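Letter by letter, the chains look like this.
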Amino acid sequence: MIFSLQKRFLVFLLLPVTLILLIAGVSSFLYAGSSLLRQWKSSALLRLEKTAHQIQMRLDEKREFIKLIIEAQGVPQGTLTQAFLAERLSHQPGVRFVDIKDLDPSSTQSTTEPSKHPSLILKDSIGSYPAPRRTPEPMMMRHMRHMMRMHRGGGQMPMGGGATGSEGQMHRGSMMMRGPIEISLDESRNFLTIEAAFGGTEARPAKEVKVVVSFDSFMKHILQIGQWDGSYACLVKSDGTYLAHTLPSMYTRKKMGATGDPLEKRVLKEMKTKDSGTVFGEGYPPELVAGFYKIPNTDWFLVLYSKGSVVLAPVVRFRDNYLMLGIPLLLGIGLLIRASTRPVARSIGEISEAAEKVEAGDYAAEVPEDRSDEIGQLKRRFNQMVAGLKQRDLIEHTFGRYVDKEIARELMSKPGALRLGGEKHVVTILMSDLRGFTPLAEKLKPEDVIKVVNRHFSRMIAVVERHKGIIVDFYGDGMLAFFNAISLDVPSRASDAVKAALEMQREVDAVSIENQKEGLPALSMGVGIHTGEVVVGNIGSESRASYGIVGSAVNEAQRIQSSAEGGAVVISDQTYRTIADRVVVARKFQVRLKGLEGERNLYEVQSIKTDTVTG
């Protein structure tokens, strides 16, 4: 035995409890973690979107001012209007100076002068982008745009003053924007430069407007993105080039994913196909989680990083507390299981020890019936089983396997039934034997011989037991049985023997049909019956004895059986006289039996009255 019963109880009872607690804990941990990650994803994308639109609005404000400055070129007092707009633009948050100049080197007009500015860590140039879509304008700007359109003819000729035809086209072309509004970083990487050329021709624009903006005005929005401890954000181009970073230790980094970080590579890959999204790092909780959002009308992306342990701090605490409480709980359950199963294990151990003794033949082994539960019932059933085994073993040792159990119990109830020796009784003896089976067996395979014999005897044994006969022994393909071991009603027991013989012949016919279906030979059996006095009792020694019969009547029954033809039931004169009023005889004949003096009258039975009441 690899495990004791108590250990098995601990394993098979504690293991399901442990699995249930583990599955419940892991499921709760994963569900709560997924909920928090979804919450972080929604919150992070919302904050990124808000910050992206704030930066976009700042850029769009500058772009709209630049458009108005360009459009003011075509109205009366356009230079004054441009100066006014430039002055208003210079007061926008983060604007350091605005410059409107002729591209002719001899004529440069600056509306403001550059001012000193705080340093800011920026990366690489931003590049140029197409002009953004129009956004809602301040009332002053909308009014000024309206006035300029009214001056040009109520909006009938866009940006063309009051002229018509080619003059109007020339005037319109003279203040047309040449190319997109470009955005770039200066050499110090602390300022954004927004510039656009207009007027003249595509090849040689006439003028240029330039706006220099401190990047601090954009970074303050980026710095406000993170709401979780340890979070940090960055501004990158779609190719991964860093523009700015809120984490000082990242200032020296130039490009996302350059260090081979898997999370950064995944974020960069997602940015190439999506405008926004989230990426989770490896592990659970992940070491880092990231969200990104593209600033509209730019090639910029805002990226936010947060520590997974901070985002999932509530479920991490839940996991730790669950383990702290779960382990003592399992230990307590284990102690309860041990305390409750120890008496059960002890009782089953007692039953096991007693079973070993019974297996060795010691039927005196008993277990104490000291419990009132199912184990106590098992102990009582065990003791009853041992008593039954003891009786059955005694019956089989004394009477053999082929004795009706009721008859065996009746015999055992008689005083001295189990002692060696016996008593004289008048019994009816039945002997049967297959005709011509020996030469048939020589032609069959050994397994077929066994199959035929077993099928034959299984039917014969059942018939004899039904008629309360006692089978003494088998002799090759023959069988010896007797009737009237208990009752003194000799005629009734003789009638039972004849009934059994006739039924045995019918069973032989049925067996022969089965054999022929399987390609095996048909059988033929002769039965002899004789009634006489024999000694009935235990025959043998103290170590081995069996219940049987001894006497000359047994030999005479065997001689009568040898004179019976196949399919016939032959009875002796003594048996006939005993049941003459009950039996129908087919023929009477005389034979000289081997070893016996004189001839004997024998009778071949045709049938027997079935309505005869047996004793």
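For the structure itself, consult the block above.
Quick summary incoming for the structure in this document. (Residues numbered from 1 in each chain as written. Predicted model: local features only at pLDDT ≥ 70, side-chain atom pairs only at ≥ 80, totals over all residues. Heavy atoms only, no water.)

### Some thoughts on the overall build of the protein chain
Inference 1: When helices and strands are tallied, the protein chain shows 15 helices and 17 strands.
Inference 2: Residues counted as buried form 43% of the 615 residues belonging to the protein chain.
Inference 3: In the protein chain, of all internal contacts separated by at least 6 residues, the share reaching a separation of at least 24 is 64%.
Inference 4: Roughly 32400 Å² of accessible area belongs to the protein chain as shown, and the carbon and sulfur atoms make up 55% of that amount. (Helix = DSSP H or I, 4+ residues; strand = E, 2+ residues; numbered from the N terminus. Buried < 20%, exposed > 50% of the residue type's maximum accessible area, 1.4 Å probe, protein only. Contact = heavy atoms within 4.5 Å. Areas by Shrake-Rupley, 256 points an atom, 1.4 Å probe, with all protein chains shown as cover.)

### So, the packing of helix 12 (residues 446-466) against helix 13 (residues 490-517)
Inference 1: Put simply, helix 12 and helix 13 touch, their axes get as near as 9 Å, and they point 155° apart. Accordingly, the angle class assigned to the pair helix 12 and helix 13 is roughly antiparallel. Relative to helix 13, helix 12 is oriented so that their crossing is right-handed. Where helix 12 approaches helix 13, its residues Val452, Arg455, His456, Arg459, Met460, Val463, Val464 and Arg466 are matched on the opposing element by Ala500, Glu503, Met504, Glu507, Val508, Ala510, Val511, Glu514 and Asn515.
Inference 2: Residues of the contact of helix 12 with helix 13, tallied by class, amount to nine nonpolar, two polar and six charged. (Axes fitted to C-alpha atoms, helices over the stretch in contact; angles between N-to-C directions. Parallel < 35°, antiparallel > 145°, perpendicular 65-115°, else oblique. Left-handed = near helix turned anticlockwise from the far one by under 90°. Nonpolar A, V, L, I, M, F, W, Y, C, P; charged D, E, K, R; others polar.)

### Regarding the pairing of strand 3 (residues 191-198)
Inference 1: Within strand 3, eight of the eight residues are buried, leaving the element largely enclosed by the surrounding structure.
Inference 2: Neither face of strand 3 is left uncovered, since the one carrying Phe191, Thr193, Glu195 and Ala197 and the one carrying Leu192, Ile194, Ala196 and Phe198 both have all their residues buried.
Inference 3: Pairing analysis gives eight bridges linking strand 3 to strand 4 (residues 207-214), with the strands arranged antiparallel. Residue pairing across strands places Phe198 opposite Lys207, the latter belonging to strand 4. (Pairing = 2+ DSSP bridges.)

### What about the side chain of Ser306?
Inference 1: Mapped onto the elements of the fold, Ser306 is located in strand 9 (residues 300-307).
Inference 2: A relative accessible area of 0% means that Ser306 is categorised as buried.
Inference 3: Among the polar contacts made by the side chain of Ser306, one reaches the side chain of Ser231 at a distance of 2.8 Å. (Polar contact = N/O pair within 3.5 Å; in protein donor to acceptor, adjacent residues only side chain to side chain.)

### Looking at helix 12
Inference 1: Between its terminal C-alpha atoms helix 12 stretches 31 Å, which fits the 30 Å expected from 21 residues at 1.5 Å a residue.
Inference 2: Considered for burial, the residues of helix 12 that qualify are Val449, Val452, Val453, Arg455, His456, Phe457, Met460, Ile461, Val463 and Val464.
Inference 3: Positive phi shows up at Lys468, right after helix 12, with a value of about 65°. (Expected span 1.5 Å × (residues − 1).)

### Considering the sheet that holds strand 7 (residues 276-280)
Inference 1: The antiparallel open sheet is built from five strands, whose spatial order is 6-5-9-8-7. Where the open sheet ends on each side, the last strands, each with one partner, are strand 6 (242-245) and strand 7. Averaged over all pairs of adjacent strands, the angle between strand axes in this sheet comes to 20°, irrespective of strand direction.
Inference 2: Direction of pairing for strand 7 relative to strand 8 (residues 288-294): antiparallel, over a ladder of five bridges. Considered in strand 8, the bridge of Thr278 is made with Gly291.

### Topic: the packing of aromatic side chains
Inference 1: Tallying each qualifying case throughout the model produces four aromatic pairs.
Inference 2: With a centroid separation of 5.0 Å and 25° between ring planes, the pair formed by Tyr232 and Tyr305 is classed as stacked. Placement of the pair is Tyr232 in strand 5 (residues 232-237) and Tyr305 in strand 9, with a sequence separation of 73 residues.
Inference 3: Overall, the relative accessible area of 14% leaves Tyr232 in the buried class.
Inference 4: Above the ring of Phe589, the side-chain terminus of Arg587 is found at 4.3 Å from the ring centroid. (Phe/Tyr/Trp six-rings, centres within 6.5 Å; stacked < 30°, edge-to-face > 60°. Lys NZ or Arg CZ within 6 Å of the ring centre and 35° of its normal.)

### A short note on the pattern of salt bridges
Inference 1: Within the structure shown, the criterion is met by 17 salt bridges.
Inference 2: Arg253 is the salt-bridge partner of Glu264, the closest N and O atoms lying 2.7 Å from each other. Of this pair, Glu264 sits in helix 6 (residues 262-271) while Arg253 sits in the loop between strand 6 and helix 6, and the two are eleven residues apart along the sequence. The two residues Glu264 and Arg253 agree in class, both being buried. (Salt bridge = Lys/Arg side-chain N within 4 Å of Asp/Glu carboxyl O.)

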